[in-house]
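What follows is each chain in one-letter form.
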Amino acid sequence: MVSQMLTNVSVASVYKEASFKSETTTQTFLGESLDILEEQAQWIRVRLEDGYEGWVAKFFVVNKPESWNSQSFYHQGAAVAWIYQSPDRQSGSIRDITILSKLPVLERQGDWVQVLLPDGLSGWVENNPRIPVATLDVEQLIQTAFAFQGTQYFWGGRSPKGFDCSGFVQTCFWLNGIQLPRDAYQQAMVGEQVDDDFRTWAVGDLIFFTERSGKISHVAISLGNGDFIHSSGFVKLNSLNPENRDLYIEKYAKIFTKTVRIL
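Residues numbered from 1 in each chain as written. Predicted model: local features only at pLDDT ≥ 70, side-chain atom pairs only at ≥ 80, totals over all residues. Heavy atoms only, no water.

Novice: Run through the overall build of the protein, naming residues and quoting values.
Specialist: Helix and strand counts for the protein come out as four helices and 21 strands. For 263 residues, the compact-globule formula gives about 18 Å, and the C-alpha radius of gyration of the protein, at 20 Å, lands near that figure. Along the first, second and third principal axes, the C-alpha atoms of the protein reach 55 × 45 × 30 Å. Within the span of the protein, comprising 263 residues, buried residues form 49% of the whole. Restricting to contacts in the protein with at least 6 residues of sequence separation, those with at least 24 account for 55%. (Helix = DSSP H or I, 4+ residues; strand = E, 2+ residues; numbered from the N terminus. Rg over C-alpha atoms; globule rule 2.2 N^0.38 Å. Buried < 20%, exposed > 50% of the residue type's maximum accessible area, 1.4 Å probe, protein only. Contact = heavy atoms within 4.5 Å.)

Novice: Can you explain the layout of surface pockets? Please cite residues and give values.
Specialist: Taken as a whole, the largest pocket spans an internal volume of roughly 640 Å³. Considering the residues around the largest pocket, the lining is formed by 26 residues, among which Trp155, Cys165, Ile216, Ser217 and His218 are closest to the centre. Looking at the lining of the largest pocket residue by residue, the classes come out as nine nonpolar, nine polar and eight charged. (1 Å grid on protein atoms, 1.4 Å probe; cavity = no way out; pocket = protein on both sides within 12 Å on 5 of 7 lines; lining within 4 Å. Points joined across faces, edges and corners; volume = space filled by probe spheres on them. Nonpolar A, V, L, I, M, F, W, Y, C, P; charged D, E, K, R; others polar.)

Novice: Tell me about the nonpolar core, and name the residues and values.
Specialist: Most often, soluble globular proteins have nonpolar side chains that are buried together. With 28 residues, the main nonpolar core has Phe168, Val169, Phe173, Leu206 and Ile221 as its most contacted residues. Elements that contribute at least two residues to this core include exactly α1 (138-147), α2 (165-174), β17 (206-210) and β18 (216-224). Ranked by the residues each element gives to this core, the list is headed by α2, at six residues. Ranked by size, the runner-up nonpolar core spans 15 residues in total, among them Met5, Tyr15, Trp43 and Val61. (Core = buried A, V, L, I, M, F, W, Y, C linked by side-chain atoms within 4.5 Å.)

Novice: Can you explain α1? Please cite residues and give values.
Specialist: Among all positions in α1, only Leu141, Ile142, Thr144 and Ala145 are buried. Summarising the axial view, the buried residues of α1 lie within an arc of 155°, below the 170-degree limit, and thus occupy one face. Exposed residues pointing more than 90 degrees away from the buried face of α1 are listed as Glu139 and Ala147. Measuring from the backbone nitrogen of Glu139 back to the side-chain oxygen at the start of α1 gives 3.2 Å, which picks out Asp137 as the cap. (Arc of directions from axis to C-beta. Polar contact = N/O pair within 3.5 Å; in protein donor to acceptor, adjacent residues only side chain to side chain.)

Novice: So what's going on with the side chain of Arg182? Residues and values would help.
Specialist: Relative to the elements of secondary structure, Arg182 occurs in the loop between α2 and α3 (184-187). Of the polar contacts made by the side chain of Arg182, one reaches the backbone oxygen of Gly157; its length is 3.5 Å. Side-chain polar atoms of Arg182 contact the side chain of Asp164, separated by 3.1 Å. The contact partners of Arg182, leaving out residues within four places of it in the chain, are Thr25, Thr26, Asp50, Tyr52, Gly156, Gly157, Arg158, Asp164, Ser166, Gly167, Gln170 and Gln187.

Next comes the structure, spelled out in structure tokens:
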């Protein structure tokens, strides 16, 4: 058994147990390297690049070639795009690709990049690369968050095809140079806790909520003055400030737990 595999589809669900009936806990992206921890029939327990572990179906992954890491990579910048058979939108599509995916570059031709897929096929994607961020800029972080506004909620999701609350936060920060843990309760242990008065919260702070179990279960990104953006039903705006009547929801004031400053 090989030590690593690659995700061979744009977004693959990762499950708590080796069954499609199990809970989806996170997602893995096209070209992501996965450490193999255990194998069971048609399932593999893997560790993702962010350290998260879970089970993925074998038909979503392929063996990782030894030469993969020595390549020059194209980092997908658009939320979702198609990989085509040739540098022409009228040619047949091979696969879709989402932001945070990365694939080896084979050739460049005008506004197109030829990329190598994990299973050995090659195809062309319109050149819209993601530029790695060296230092976090709060304004850019919020622009990233607003770019996903309206994206539907999906339990275990961390892609433009659907976010859960912590997947949304993790992706926004990851795209801006900071890697956070996957789950809300884990993210709550990063950074420094600040005062509970929403008037003291900075843009980019993380706001945490606790619902039924006594364990932190929801997270949002502060926009200042009690307003925040989060994934609940879909990525949207709400507020803990009663004066903001259009966005205020009393439920969130009742389950508010703490606010943490990451930046």
